[in-house]
Amino acid sequence: AQTVTQSQPEMSVQEAETVTLSCTYDTSENNYYLFWYKQPPSRQMILVIRQEAYKQQNATENRFSVNFQKAAKSFSLKISDSQLGDTAMYFCAFTPTNQAGTALIFGKGTTLSVSS
Amino acid sequence: GAVVSQHPSWVICKSGTSVKIECRSLDFQATTMFWYRQFPKQSLMLMATSNEGSKATYEQGVEKDKFLINHASLTLSTLTVTSAHPEDSSFYICSASKAGIFYEQYFGPGTRLTVT
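Figured I'd write up the structure that's included with this text.

## Describing the overall build of chain A
Within chain A one finds zero helices and 12 strands. In chain A, the succession of helices and strands from N to C terminus is β-β-β-β-β-β-β-β-β-β-β-β. Relative to a compact globule of 116 residues, whose C-alpha radius of gyration would be 13 Å, chain A shows 14 Å and is just as compact. Structurally, chain A occupies a C-alpha span of about 40 × 25 × 20 Å along its principal axes. Within the span of chain A, comprising 116 residues, buried residues form 49% of the whole. For chain A, contacts bridging at least 24 residues in sequence account for 55% of all contacts bridging at least 6. Taken as a whole, chain A presents about 5,700 Å² of accessible surface, with 43% of it coming from carbon and sulfur. Each charge sign in chain A was given a centre, from 9 positive and 9 negative side chains, and these centres are 6 Å apart.

## So, the state of the cysteines
By definition, a disulfide is the covalent link that joins the sulfur atoms of two cysteine residues. Going through the model one piece at a time under the given rule, you end up with two disulfides over all chains. What pairs with Cys23 of chain A in a disulfide is Cys92 of chain A, and their sulfur atoms sit 2.0 Å apart. Taking the sign of the S-S torsion, about -65 degrees here, the bridge from Cys23 of chain A to Cys92 of chain A comes out left-handed. Remark: Cys92 of chain A occurs in strand β10 (residues 88-95) and Cys23 of chain A occurs in the loop between β3 (19-21) and β4 (24-26); sequence separation between them is 69 residues. At a sulfur-sulfur separation of 2.0 Å, the disulfide partner of Cys23 of chain B is Cys94 of chain B. Around the S-S axis, the bridge from Cys23 of chain B to Cys94 of chain B shows a dihedral of about 80 degrees and counts as right-handed. Placement of Cys23 of chain B in strand β3 (residues 19-25) and of Cys94 of chain B in strand β9 (residues 90-98) is noted, with a sequence separation of 71 residues between them. In this structure Cys13 of chain B is a free cysteine whose sulfur lies 18 Å from that of Cys94 of chain B, the closest cysteine sulfur available.

## With respect to the layout of surface pockets
Estimates place the volume of the largest pocket at around 250 Å³. Lining the largest pocket are 14 residues, and of these Gln39, Pro40, Pro41 and Met89 of chain A together with Lys41 of chain B lie nearest its centre. At the level of secondary structure, the elements contributing two or more residues to the lining of the largest pocket comprise β10 and β12 (110-115) of chain A. For the lining of the largest pocket, the residue count by class is seven nonpolar, five polar and two charged. Estimates place the volume of the second largest pocket at around 210 Å³. Together, 13 residues line the second largest pocket, and Arg37, Met45, Gly61, Val62 and Phe67 of chain B are the ones closest to its centre. Here the lining of the second largest pocket takes three residues from strand β5 (residues 44-51) of chain B, the largest share from any one element. Among the residues forming the lining of the second largest pocket, the class breakdown is five nonpolar, two polar and six charged.

## Focus on the interface of chain B and chain A
How big an interface is tends to be reported as the loss of accessible area on association of its parts. Counting residues at the interface gives 24 residues for chain B, matched by 23 residues for chain A. Carbon and sulfur atoms supply 55% of the area buried between chain B and chain A, which totals about 1,900 Å² over both sides. If you sort the residues of chain B by the area they bury against chain A, Phe102, Tyr103 and Phe107 of chain B come out on top, with a joint share of 34%. Taken together, the connections running from chain B to chain A amount to one salt bridge. Across the pair Glu104 of chain B and Arg50 of chain A runs a salt bridge whose closest N-O atoms are separated by 2.1 Å. Our enumeration of links across chain B and chain A arrives at five residue pairs in polar contact (both at pLDDT 80 or more).

## A look at the pattern of salt bridges
All names here are of chain A. Summed over all chains, the structure comprises six salt bridges over all chains. Where Glu52 meets Lys55, a salt bridge forms, and the shortest distance between an N and an O atom there is 3.5 Å. A residue is classified by how much of its surface remains accessible, and Glu52, at 13% relative accessible area, is buried. The exposure class of Lys55 is partly exposed, given its relative accessible area of 39%.

## Details of the sheet that holds strand β8 (residues 76-81) of chain B
All names here are of chain B. The strand order across the open sheet built from four strands is β1-β3-β8-β7, with neighbouring strands paired in antiparallel fashion. Every interior strand has two partners, whereas the edge strands, β1 (4-7) and β7 (67-73), have only one. Here the average twist between neighbouring strands, direction ignored, is 15 degrees. One ladder, built from five bridges, connects β7 with β8; its direction is antiparallel. Residue pairing in the sheet places Leu68 in a bridge with Thr80 of β8.

So, how was this worked out
- Residues numbered from 1 in each chain as written.
- Chains lettered and ligands numbered in written order.
- Predicted model: local features only at pLDDT ≥ 70, side-chain atom pairs only at ≥ 80, totals over all residues.
- Heavy atoms only, no water.
- Helix = DSSP H or I, 4+ residues; strand = E, 2+ residues; numbered from the N terminus.
- Rg over C-alpha atoms; globule rule 2.2 N^0.38 Å.
- Buried < 20%, exposed > 50% of the residue type's maximum accessible area, 1.4 Å probe, protein only.
- Contact = heavy atoms within 4.5 Å.
- Areas by Shrake-Rupley, 256 points an atom, 1.4 Å probe, with all protein chains shown as cover.
- Lys, Arg positive; Asp, Glu negative; His and termini not counted.
- Charge placed at Lys NZ, Arg CZ, Asp CG, Glu CD.
- Disulfide = S-S within 2.5 Å.
- 1 Å grid on protein atoms, 1.4 Å probe; cavity = no way out; pocket = protein on both sides within 12 Å on 5 of 7 lines; lining within 4 Å.
- Points joined across faces, edges and corners; volume = space filled by probe spheres on them.
- Nonpolar A, V, L, I, M, F, W, Y, C, P; charged D, E, K, R; others polar.
- Buried area = accessible area lost by both parts, 1.4 Å probe.
- Salt bridge = Lys/Arg side-chain N within 4 Å of Asp/Glu carboxyl O.
- Polar contact = N/O pair within 3.5 Å; in protein donor to acceptor, adjacent residues only side chain to side chain.
- Pairing = 2+ DSSP bridges.
- Axes fitted to C-alpha atoms, helices over the stretch in contact; angles between N-to-C directions.

Written as structure tokens, this is what we have:
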């Protein structure tokens with residue numbers, strides 16, 4: 001079975017600091033897609049970053065970057081210069097294919113609190 | 001682009017009645033739509049996958065006669081909760097994917113259902 005594991009239910013960080021959220025996954029596929037989604041108190045799901053498994057270069061989006069370790073099946077998210085608006089639940093997600101009808105597999109989420 | 005709307009955003013209904021939730025892709029054609037259920041501080045649970053013009057595929061444990069899903073066009077899917085009970089109270093989220101970019105899902109803002 002393909003699974004996504006987020007081992008940190010809750011994390012807290014102060015403004016301007018850096019925080020890393022962990023995610024591991026299990027799959028026998030060679031090519032797949034990994035995502036980090038943010039769900040703020042509004043509960044709207046927001047795509048933070050996407051990584052394609054065949055690309056060795058780690059994806060970055062402004063203050064957000066990932067450390068993708070394919071052999072270890074690890075996909076952590078680093079948030080630099082944390083801001084109050086980063087307070088949210090963060091979900092790691094995975095999809096094994098680019099085929100129609102394939103759903104995302106989500107981890108249980110990490111609640112991040114950023115304080116001033 | 002790639003905006004998904006849901007209506008209503010919040011609905012309260014009495015036990016035993018039915019309620020319909022709409023999910024629309026506003027600026028693209030959605031070949032596949034997904035319906036999720038989310039309890040507070042938990043992850044998204046996939047309920048069903050629907051492709052335009054065909055019957056939805058339900059996840060194990062989801063009652064298909066209770067949660068009726070219709071995907072009548074490439075821009076509209078509906079979820080009808082029939083004979084709702086208080087335990088059906090939850091946050092329901094839809095997402096949609098475009099043809100050719102099936103790994104990317106665009107999420108609606110969610111619908112909060114409260115059954116009294």
